[in-house]
Amino acid sequence: MMAAPAQAETTMTGEAFNQCKQRLQQQAEDAGVSSDTASGVLAQAEYLERVIELDRRQPEFTTTFADYLNRRVNSQRIERGRELLREHEALLERVTEETGVPGHYLVAFWGLETNYGTYFGKMSVPSSLATLACDQRRSTFFSQQLVAALKIIDEGAIAPELMEGSWAGAMGHVQFMPTVFLKHAVDADGDGRRDLWNSVPDAMMSAGHFLESMGWDGDYRWGREVLLPENFDFSLADGRRLPLTRWRELGVTDAFGNTLHREPIDAALVVPSGHQGPAFLVYDNFQVIMGWNRSEFYAIAVGHLADRIAGAAGLQNPPPEDLPALSRDQVLELQQTLNNRGYDSGEADGIMGGNTREAIRGFQSDRGMIADGFPSARVLRALGIETGA
């Protein structure tokens, strides 16, 4: 029923797209792309309505941590990751020596991004990026990505007709955006090309260099599951970083109840399912992982998959699977209700973020609830928001 307005909003005429491509060609040539590459590739670039639809699409429901983690860290992915860790042992040791990033983390990124190279995406990257660059919503960003993609083609890394990836332009085994490719991709197999589609050595070494550039600390892990004492103050799970010794003093132990080591490192507490689910102390490398993808769920999944690939057991306190997935409308109503009651959740946008969690904590604290910042059914009922349960 709503298809017609969406179509009217996103469709671009052929004439307008051609005019836009002419501007992009000039921008690319001004940035150093050869005229032959810029004109030849853009002449073949097509306007992809599907790309605009995907860019506009917002999921109706948020994903619970249990659903997110269980879909991405499963027995098949763990076993395949262990096989690949053994198969590419020499290569991964070389990457670790050069970048400081251990092999099981590199394999975990590989698993999360493309299921170990089994699916790169089937969209034409030049066409996708030209489409998005000609769309007003994020034109500047995607124009930069298109120019970078043309530079990659210009250097001979890949033929334009073979440059396929995600609808937003992420490419190859580790799904680099073109600007990241230009800055961090390397030729690790010595064939004279930086090939992230067909060369596992190039992909793994490039991933290592990217993580190193963001500050990967080879002396420490990403974080770890921990146990919290009774009556723990969950307001401490607000992103603040405290010395590991301070968390130890607060009664936090490892997942098996053992006392935390006295390492000279700061950590933050993350409780992705609220007080009912697992708790994690995360270190500097957690923030590095989030530099790859700005999602706490993603960062935990990468870290946990890396642990499992390296031989660790599953979580001692798995996330509850019966927590409801909130619709975006429910999150929007939650934010508006909190704001109306004097708990500042920021601009109501239907997306759960730090400001919303902080507002929930304030409401929970005032109501005598465990202030974990999690929108539980109890919180929603207390705010008069229908949960459907």
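Before reading further, recall that the structure is shown in the block above.
Residues numbered from 1 in each chain as written. Predicted model: local features only at pLDDT ≥ 70, side-chain atom pairs only at ≥ 80, totals over all residues. Heavy atoms only, no water.

1. Some words on unusual backbone geometry
- In this structure, Asn115 takes a positive phi of about 50° despite not being glycine.
- Along the chain, Asn115 turns up in the loop between helix H8 (103-114) and strand E1 (123-124).
- A residue is classified by how much of its surface remains accessible, and Asn115, at 33% relative accessible area, is partly exposed. (Helix = DSSP H or I, 4+ residues; strand = E, 2+ residues; numbered from the N terminus. Buried < 20%, exposed > 50% of the residue type's maximum accessible area, 1.4 Å probe, protein only.)

2. Brief notes about the state of the cysteines
- In this structure the tally under the stated criterion is one disulfide.
- The disulfide that involves Cys20 links it to Cys134, with 2.0 Å between the sulfurs. The sign of the S-S torsion, about -100°, decides the handedness of the disulfide formed by Cys20 and Cys134: left-handed. Here Cys20 is found in helix H2 (residues 14-30), whereas its partner Cys134 is found in the loop between helix H9 (125-133) and helix H10 (139-154), with 114 residues between them in sequence. Here Cys20 and Cys134 have matching classes, each one buried. (Disulfide = S-S within 2.5 Å.)

3. Topic: the pairing of strand E7 (residues 279-282)
- Covered by surrounding structure in E7 are Ala279 and Leu281 together with Phe280 and Val282, the residues of both alternating faces.
- In this sheet, E7 lies alongside strand E3 (residues 223-227) in antiparallel orientation, the contact comprising four bridges. Its bridge partner being in E7, Gly223 is matched across the sheet by Val282.
- Note: strand E6 (residues 266-270) against E7, three bridges, orientation antiparallel. Looking at E7, one finds that Ala268 is bridged to Val282. (Pairing = 2+ DSSP bridges.)

4. Describing the packing of aromatic side chains
- One pass over the full model with this rule turns up 17 aromatic pairs.
- Summarising the aromatic geometry, the rings of Phe17 and Tyr47 are spaced 5.3 Å apart at their centres and angled 70° between planes, so their arrangement reads as edge-to-face. Of this pair, Phe17 sits in helix H2 while Tyr47 sits in the loop between helix H3 (35-44) and helix H4 (49-56), and the two are 30 residues apart along the sequence. Across this residue pair, the class does not change: Phe17 and Tyr47 are buried.
- An aromatic cluster is defined as three or more aromatic residues linked by ring pairs; in this entry it consists of Phe65, Tyr68, Trp222, Phe280, Phe286 and Phe297.
- One Lys or Arg, Arg72, reaches over the ring of Tyr68 and ends 3.7 Å from the middle of that ring. (Phe/Tyr/Trp six-rings, centres within 6.5 Å; stacked < 30°, edge-to-face > 60°. Lys NZ or Arg CZ within 6 Å of the ring centre and 35° of its normal.)

5. So, the nonpolar core
- Core analysis: the biggest nonpolar cluster contains 87 residues, and Met163, Phe181, Met204 and Trp292 have the highest contact counts within it.
- Looking at which element gives the most residues to this core, the answer is helix H15 (residues 296-309), with eight residues.
- Ignoring anything within four residues of it in the chain, the contact list for Met204 reads Leu91, Leu92, Val95, Leu106, Trp110 and Val174.
- Ranked by size, the runner-up nonpolar core spans 17 residues in total, among them Phe232, Trp247, Ile265 and Leu269. (Core = buried A, V, L, I, M, F, W, Y, C linked by side-chain atoms within 4.5 Å. Contact = heavy atoms within 4.5 Å.)

6. A few points about helix H16 (residues 328-340)
- Compared with the 18 Å implied by 1.5 Å per residue over 13 residues, the 18 Å span of H16 between its first and last C-alpha is a close match.
- Restricting attention to buried positions, one finds in H16 the residues Arg328, Gln330, Val331, Leu334, Gln335, Thr337 and Leu338.
- In this structure, the buried side of H16 is in contact with helix H17 (354-366) and helix H18 (377-382).
- Directly after H16, the chain includes Gly342, whose backbone phi takes a positive value near 95°. (Expected span 1.5 Å × (residues − 1).)

7. Concerning the environment of Val73
- Position of Val73 relative to the elements: it lies in the loop between helix H5 (65-72) and helix H6 (75-87).
- Note: C-alpha distance between Val73 and Ala108 (35 residues apart in sequence) is 9.4 Å.
- Not counting the four nearest positions on each side in its chain, Val73 is found in contact with Ile78, Ala301, His304, Leu305 and Arg308.

8. Here we look at the side chain of Asp195
- Locating Asp195 in the fold gives a position in the loop between helix H11 (178-184) and helix H12 (200-213).
- Owing to a relative accessible area of 2%, Asp195 belongs among the buried residues under this scheme.
- Engagement of the side chain of Asp195 in a polar contact is seen with the backbone nitrogen of Trp197, the distance being 3.0 Å. (Polar contact = N/O pair within 3.5 Å; in protein donor to acceptor, adjacent residues only side chain to side chain.)

9. Describing the sheet that holds E6
- Spatial ordering of the open sheet is given by E4-E6-E7-E3-E5, a layout of five strands whose pairing is antiparallel. On the outer flanks of this sheet lie strand E4 (241-243) and strand E5 (253-254), each paired with one strand and no other.

10. A closer look at the packing of H6 against H8
- Interhelical geometry of H6 versus H8 gives an angle of 130° and a closest axis separation of 10 Å. Taken together, the axes of H6 and H8 are oblique relative to one another. In the packing of H6 onto H8, the handedness of the crossing is right-handed. For the pair H6 and H8, the contacting residues are Arg77, Gly81, Leu84 and Leu85 in the first and Gly103, His104, Val107, Trp110, Gly111 and Leu112 in the second.
- Partitioned by chemical class, the residues of the contact of H6 with H8 number five nonpolar, four polar and one charged. (Axes fitted to C-alpha atoms, helices over the stretch in contact; angles between N-to-C directions. Parallel < 35°, antiparallel > 145°, perpendicular 65-115°, else oblique. Left-handed = near helix turned anticlockwise from the far one by under 90°. Nonpolar A, V, L, I, M, F, W, Y, C, P; charged D, E, K, R; others polar.)

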